Amino acid sequence: MNRKGFIFDLDGVIVDTAKYHFLAWKKLANQLGYEFTKEQNELFKGVSRKRCLEILLDIGNIEATKEQFDTWMVEKNIDYLEYIENLDESEILPDVPKVLQFLKENNIPIALGSASKNAQPILEKVKLLHYFDTIVDGNSVKKAKPNPEVFLLAAKQLGVKSKDCVVFEDAVAGIEAANSAKMISIGIGDKKVLHEAQFNFTDFTEISTDFIIELINR
Ligand code: BG6
Ligand code: MG
């Protein structure tokens, strides 16, 4: 039995931040003169900030100069940071600390594998940073999910083989990334959306200790 590594996405897996990303993108769309819906926001999950803005501008049929594009990226992030300024433990998704604690007690290496450039401050705000042996985020990788770079780097930093890693993801792009890294992919959220995952759960309350032990002993 090889040593296993557990990799967690951040937004939508550990903490409920998708709604704040949504508010910030909606504000920008409204400013540019159009609507942005929750359904459209689904396309933004797991996707880099740059790619999100490209999609947002496509939706509004807006052509931007490089300067405008960069300004809007900065503005969106300033608004997002304002929305999450008071983020605290109450926004941790159900049973996440329980799973992290169980892994820690069993000396299983834990990594963050997130597209966000705001990952570290968010983990600090919700007081979960100490669980992570390594953080791989939007600042550490060049290629965004669905490219597997973020998870491959996390495995490398944990010193665990890719095939021995388990990935928890709420985004289609993230499940694709985990699958192409040949890792065990676990979808957290809507099974219909995340049907490419090897295992599906609505949230961590559905994940039993027995199932985690099974993953560790695979
Ligand atoms: C992902 C989110 O985790 O991070 C995306 O699911 C977001 O919606 C991406 O665009 C980048 O986040 P940030 O914080 O760097 O803008
Ligand atoms: Mg996510």
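This structure is a prediction, so every number in the text was calculated from the model and none was measured.

Draft legend 1. Fine view of the coordination of the magnesium ion (ligand 2). Each protein donor to the magnesium ion (ligand 2) is listed here as Asp-9 (OD), Asp-11 (O) and Asp-170 (OD); together their distances run 2.0 to 2.1 Å. Look at where the donors of the magnesium ion (ligand 2) fall in the sequence and you get D-x1-D-x158-D. According to the relative accessible area criterion, Asp-11 is buried, its value standing at 15%.

Draft legend 2. Local environment of the site of ligand 1. Inspection of the region around ligand 1 gives 16 residues, with Asp-11, Val-47, Ser-116, Lys-117 and Asn-118 positioned closest. A distance of 2.7 Å separates an oxygen atom of ligand 1 from a polar side-chain atom of Arg-49. With respect to the detected pockets, ligand 1 is housed in the largest pocket. Those elements that place two or more of their residues in the shell around ligand 1 are helix H3 (49-59) and helix H4 (66-83). Looking at side-chain class alone, the shell around ligand 1 contains five nonpolar, six polar and five charged residues.

Draft legend 3. Representation of the side chain of Asp-170 within the structure. Inspection of the secondary structure assignment puts Asp-170 in the loop between strand E4 (165-169) and helix H8 (172-180). We note that Asp-170 is buried and unpaired, the nearest opposite charge coming from Lys-45 at a distance of 4.7 Å. When neighbours within four sequence positions are excluded, Asp-170 is seen to be in contact with Asp-9, Asp-11, Gly-12, Val-13, Lys-45, Ile-188 and Leu-194.

Draft legend 4. Structural context of the pairing of strand E5 (residues 184-188). With respect to burial, E5 is a largely interior element, five of its five residues being buried. Both faces of E5 are covered, namely the face carrying Ile-184, Ile-186 and Ile-188 and the face carrying Ser-185 and Gly-187. Note: E4 against E5, four bridges, orientation parallel. Across the sheet, the residue bridging to Val-166 is Ile-184, located in E5. Running through H8, the crossover from E4 to the neighbouring parallel element E5 is right-handed. Two strands pair when backbone bridges link them, and E5 and strand E6 (residues 199-201) are joined in this way by three bridges, in the parallel orientation. What sits directly across from Ile-188, in E6, is Phe-201.

Draft legend 5. Layout of the nonpolar core. Core analysis: the biggest nonpolar cluster contains 39 residues, and Phe-6, Phe-8, Ile-14, Leu-128, Phe-132 and Phe-168 have the highest contact counts within it. Broken down by secondary-structure element, the contributors of at least two residues to this core are strand E1 (5-8), helix H1 (18-31), helix H5 (96-105), strand E2 (110-113), helix H6 (119-125), E4, E5 and helix H9 (209-217). The dominant element in this core, judged by the number of residues it contributes, is H5, at five residues. The residues touching Phe-168, leaving out its near neighbours within four places in the chain, are Phe-6, Ile-7, Phe-8, Asp-9, Val-13, Ile-186, Ile-188, Phe-204 and Ile-207.

Draft legend 6. Highlighting the environment of Glu-176. Considering the arrangement of structural elements, one finds Glu-176 in helix H8. Sequence-distant contacts of Glu-176, that is, excluding residues within four places in its chain, are made with Pro-146 and Glu-196.

Draft legend 7. Looking closely at the layout of surface pockets. In this structure, the largest pocket occupies an estimated 610 Å³ of space. Along its surface, the largest pocket is lined by 31 residues, and Val-47, Ser-48, Arg-49, Ala-115 and Ser-116 are the ones closest to its centre. Those elements that provide at least two residues to the lining of the largest pocket are H1, H3 and H4. Counting residues per element, the lining of the largest pocket draws most heavily on H3, which supplies five residues. Residues that form the lining of the largest pocket fall into these classes: ten nonpolar, eight polar and 13 charged. In this model, the second largest pocket occupies a volume close to 440 Å³. Glu-42, Lys-45, Asp-170, Ile-188 and Gly-189 are, among the 25 residues lining the second largest pocket, the residues nearest its centre. Residue assignment for the lining of the second largest pocket shows that the elements contributing at least two residues are H1 and H8.

Draft legend 8. Region of interest: the pattern of salt bridges. With the rule as written, the count across this model stands at 13 salt bridges. The partner of Lys-27 in a salt bridge is Asp-79, with the nearest N and O atoms 3.0 Å apart. One end of the pair, Lys-27, is in helix H1; the other, Asp-79, is in helix H4, with 52 residues separating them in the sequence. Residue class for Lys-27 comes out partly exposed when judged on its relative accessible area of 38%. Classification of Asp-79 as buried rests on a relative accessible area of 12%.

Rules of the game
- Residues numbered from 1 in each chain as written.
- Chains lettered and ligands numbered in written order.
- Predicted model: local features only at pLDDT ≥ 70, side-chain atom pairs only at ≥ 80, totals over all residues.
- Heavy atoms only, no water.
- Donors = N, O, S within 2.8 Å, 3.2 Å for Na, K, Ca; no water.
- Buried < 20%, exposed > 50% of the residue type's maximum accessible area, 1.4 Å probe, protein only.
- Near = heavy atom within 4 Å.
- Polar contact = N/O pair within 3.5 Å; in protein donor to acceptor, adjacent residues only side chain to side chain.
- 1 Å grid on protein atoms, 1.4 Å probe; cavity = no way out; pocket = protein on both sides within 12 Å on 5 of 7 lines; lining within 4 Å.
- Sits in = over half its atoms within 2 Å of the grid points.
- Helix = DSSP H or I, 4+ residues; strand = E, 2+ residues; numbered from the N terminus.
- Nonpolar A, V, L, I, M, F, W, Y, C, P; charged D, E, K, R; others polar.
- Lys, Arg positive; Asp, Glu negative; His and termini not counted.
- Salt bridge = Lys/Arg side-chain N within 4 Å of Asp/Glu carboxyl O.
- Contact = heavy atoms within 4.5 Å.
- Pairing = 2+ DSSP bridges.
- Right-handed = clockwise from strand over helix to strand, strands pointing away.
- Core = buried A, V, L, I, M, F, W, Y, C linked by side-chain atoms within 4.5 Å.
- Points joined across faces, edges and corners; volume = space filled by probe spheres on them.

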